[in-house]
Structure formats: C-alpha cells, structure tokens
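# Structure at a glance
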Amino acid sequence: MRDIIHTAFGKFLSVIFPDNCVGCGKEGQVFCQNCVVKTKKQTRTKASVLFLDKLYYWGIYEDKTLSRALRRFKYQGIQGLSEPFSDILKDLITPQLSYFSNDALIVPIPAHINRKRGRGYNQAELLAVKLSEKVPIPLAPDILIKSKNTKSQTSLSGVERIFNVKNSFSVARPEFVKNKKIILVDDIITTGATLCEAAKVLKEAGANEVTGLVVAK
Ligand SMILES: [Zn+2]
C-alpha cells in the first residue's frame, strides 16, 4: 500500500499507521474483510434527500471502525482504503446491475480544484474510478463540476450546509446526462445537502434519475 501513497503527508502517516486493519489491528490489510462485514448496517433506503431517487449506503458513521476508516481515507491520505471501500460500493450496487446495465453513468461528487490540489486527490473520485473498474457501468468523471469553492461542510449546521453548497455545481456536458440514470458516488452522506444540490443540477440537465451511493450515512 505504501507505494501508492503519493503525498508526503501520506508517506509520513504510513509510518505511523502501517498496514494494520483499522478495526482489529491485524497486520497486512488496511481494513480486513472480517471488520468490513461487521460494519454493514444497511443496504438500501428510500432517499429522504430532495432530488435523490434512491440512496444506497453500507453502514452508519456512528460505527467507530467505519468512521475511523473514513477519517483515515479522507484526511490522512490512506488511499489504500479505496480498495475495501470500492468493494463495499460494488456489493451495494451489484443486485441492481441489470437495472443499471444500459443507460447509467457513475459520477463522483467533485471537489473544487483548489481543495483537490491541497489534499492531492478527491476521495469521491478515487472511489468512483475504482468502482467503475469493478462493475460494467461507465465512469463519467468530468461531467459534474464543482464550479464554486465552498467551505468545508464539516463545521457547518444543517441549514448552513444547504446555503454553502447552493449553486456550487454545474454540468459540463448536459448532452451526456440527458435521459441517463446517474449513480452519484461519495464517501459519506450527512445532511444530504451536497448530494441534493448535485442531484438537482443533474436533473436540470436532463438526467432521468439520480441514485446516491455512499459508504456511510
Ligand atoms: Zn480487521
């Protein structure tokens, strides 16, 4: 795993956190299959997010192992976690493959270019790329654009989050989105403000339906 950590910070952290499972501490894997399975809570829910037709999520953020894994992935540059996380997303979507076989696209929640530069990668994009290698659904990484650099949602309240992301996304090539089923990929959903805003612009661009696919809620 150390070979694929590109950022200096990531290299530094790989010394502190070697390839030990975030759940049980076993050496050799960043998130072992046993611990991954234990974090499974849910597979599908009726999306209570405006503009989102369906939502698939694996576990809940209150699960200590899952939240630790997500924090390491998002803030500590442990990119090796994209493997078990994309396996999780694959598991969630596999029962629906016949439904998504023809006119679906995998679209990551984009990060603004400034934030992507700071972190070295966009974790949602990394998950979407890995997922598209594991399921027969094409990836469309450049269709949804983060056109406005917004504050991190982490410190904001529910209402603030809605205003913060408002008008922050745009669709680069609406002709590719028209009449498509969009599978929007992100690592976590909290209030749903981000997925809501992204789904809204995709629908305005002509998408037939938008499904959220995330690791944790
Ligand atoms: Zn484990």
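Residues numbered from 1 in each chain as written. Predicted model: local features only at pLDDT ≥ 70, side-chain atom pairs only at ≥ 80, totals over all residues.

Identification of the chain as Phosphoribosyltransferase domain-containing protein is taken from an unreviewed UniProt entry. Check the Sequence similarities (unreviewed entry) section of the UniProt entry for the chain; it says "Belongs to the ComF/GntX family." (UniProt positions renumbered as here; feature names shortened; annotations may be inferred.)

### A few points about the overall build of the chain
Counting its secondary structure elements, the chain contains 9 helices and 7 strands. Here the chain, with 217 residues, has 42% of them falling under the buried criterion. In the chain, 72% of the contacts between residues at least 6 apart in sequence involve partners at least 24 apart. (Helix = DSSP H or I, 4+ residues; strand = E, 2+ residues; numbered from the N terminus. Buried ≥ 20, exposed ≤ 12 C-beta atoms within 10 Å, placed from the backbone. Contact = placed C-beta atoms within 7 Å.)

### A word on the pairing of strand 3 (residues 104–108)
Counting buried residues in strand 3 gives 5 out of 5 residues, a clear majority hidden from the surface. Residues of strand 3 alternate between two faces, with A104, I106 and P108 on one and L105 and V107 on the opposite face, all of them buried. With 5 bridges connecting them, strand 3 and strand 6 (residues 181–188) associate as parallel partners. Along strand 6, the bridge assignment pairs L105 with I182. (Pairing = 2+ DSSP bridges.)

### Describing unusual backbone geometry
In most cases, non-glycine residues show a negative phi, while peptide bonds are predominantly trans. Phi angles above zero are rare outside glycine, and N167 is one such case at about 55°. Residue class for N167 comes out exposed when judged on the 12 C-beta atoms lying within 10 Å of it. In this structure, N179 is a non-glycine residue whose phi angle is positive, near 65°. The exposed category is assigned to N179, around which 9 C-beta atoms lie within 10 Å.

### Topic: the pairing of strand 7 (residues 209–216)
The buried fraction of strand 7 amounts to 7 of the 8 residues, a majority that puts the element mostly inside the structure. Bridging between strand 2 (residues 54–59) and strand 7 involves 5 bridges; their strand directions are parallel. Bridged to G59 within strand 7 is A216. Two strands pair when backbone bridges link them, and strand 6 and strand 7 are joined in this way by 7 bridges, in the parallel orientation. By the bridge assignment for strand 7, L184 is matched with G212. In terms of handedness, the path from strand 6 via helix 9 (residues 193–204) over to strand 7 forms a crossover that is right-handed. (Right-handed = clockwise from strand over helix to strand, strands pointing away.)

### Focus: the packing of helix 4 (residues 82–93) against helix 6 (residues 123–134)
To characterise two packed helices, one gives the angle between the axes of the helices and the distance between these axes. Contact pair helix 4 / helix 6: the axes reach a minimum separation of 9 Å and the direction vectors enclose 60°. Classified by the angle between their axes, helix 4 and helix 6 sit oblique to one another. Taken as a pair, helix 4 and helix 6 cross one another with a handedness that is right-handed. Listed contacts from helix 6 to S82, E83, F85, S86, L89 and K90 of helix 4 are L126, L127, K130, L131 and K134. (Axes fitted to C-alpha atoms, helices over the stretch in contact; angles between N-to-C directions. Parallel < 35°, antiparallel > 145°, perpendicular 65-115°, else oblique. Left-handed = near helix turned anticlockwise from the far one by under 90°.)

### Quick look at the confidence of the model for the chain
As a general rule, the predicted coordinates of low-pLDDT regions are not to be interpreted in detail. Per-residue confidence for the chain gives a mean pLDDT of 86; residues scoring 70 or more make up 86%. Confidence drops under a pLDDT of 50 for residues 1–5, and excluding neighbours within four residues, the segment shows 11 contacts in the predicted structure. (pLDDT = per-residue confidence, 0-100.)

### With respect to the packing of helix 7 (residues 158–165) against helix 9
Between helix 7 and helix 9, the least distance of the axes is 9 Å, while the angle of their chain directions is 35°. Of the two possible hands of crossing, helix 7 and helix 9 adopt the one that is right-handed. Contacts between helix 7 and helix 9 involve R161, I162 and V165 from the former and A193, T194 and E197 from the latter. Here the residues of the contact of helix 7 with helix 9 are counted per class, giving 3 nonpolar, 1 polar and 2 charged. (Nonpolar A, V, L, I, M, F, W, Y, C, P; charged D, E, K, R; others polar.)

### Considering the nonpolar core
Counting residues in each nonpolar core, the largest one holds 62 residues, and the members touching the most others are I183, L184, V185 and L202. Top contributing element to this core by residue count: helix 9, with 7 residues. The contact partners of L202, leaving out residues within four places of it in the chain, are L144, V171, V177, I182, A207 and V210. (Core = buried A, V, L, I, M, F, W, Y, C linked by C-beta atoms within 7 Å.)

### A short note on the environment of I189
Tracing the sequence through the fold places I189 in the loop between strand 6 and helix 9. Look at I189 and you get buried, because 24 C-beta atoms sit within 10 Å. Along the primary structure I189 and I60 are separated by 129 residues, whereas in three dimensions their C-alpha atoms are 9.6 Å apart. For I189, the residues in contact, after removing those within four places along its chain, are L55, Y57, L195, G212, V214 and K217.

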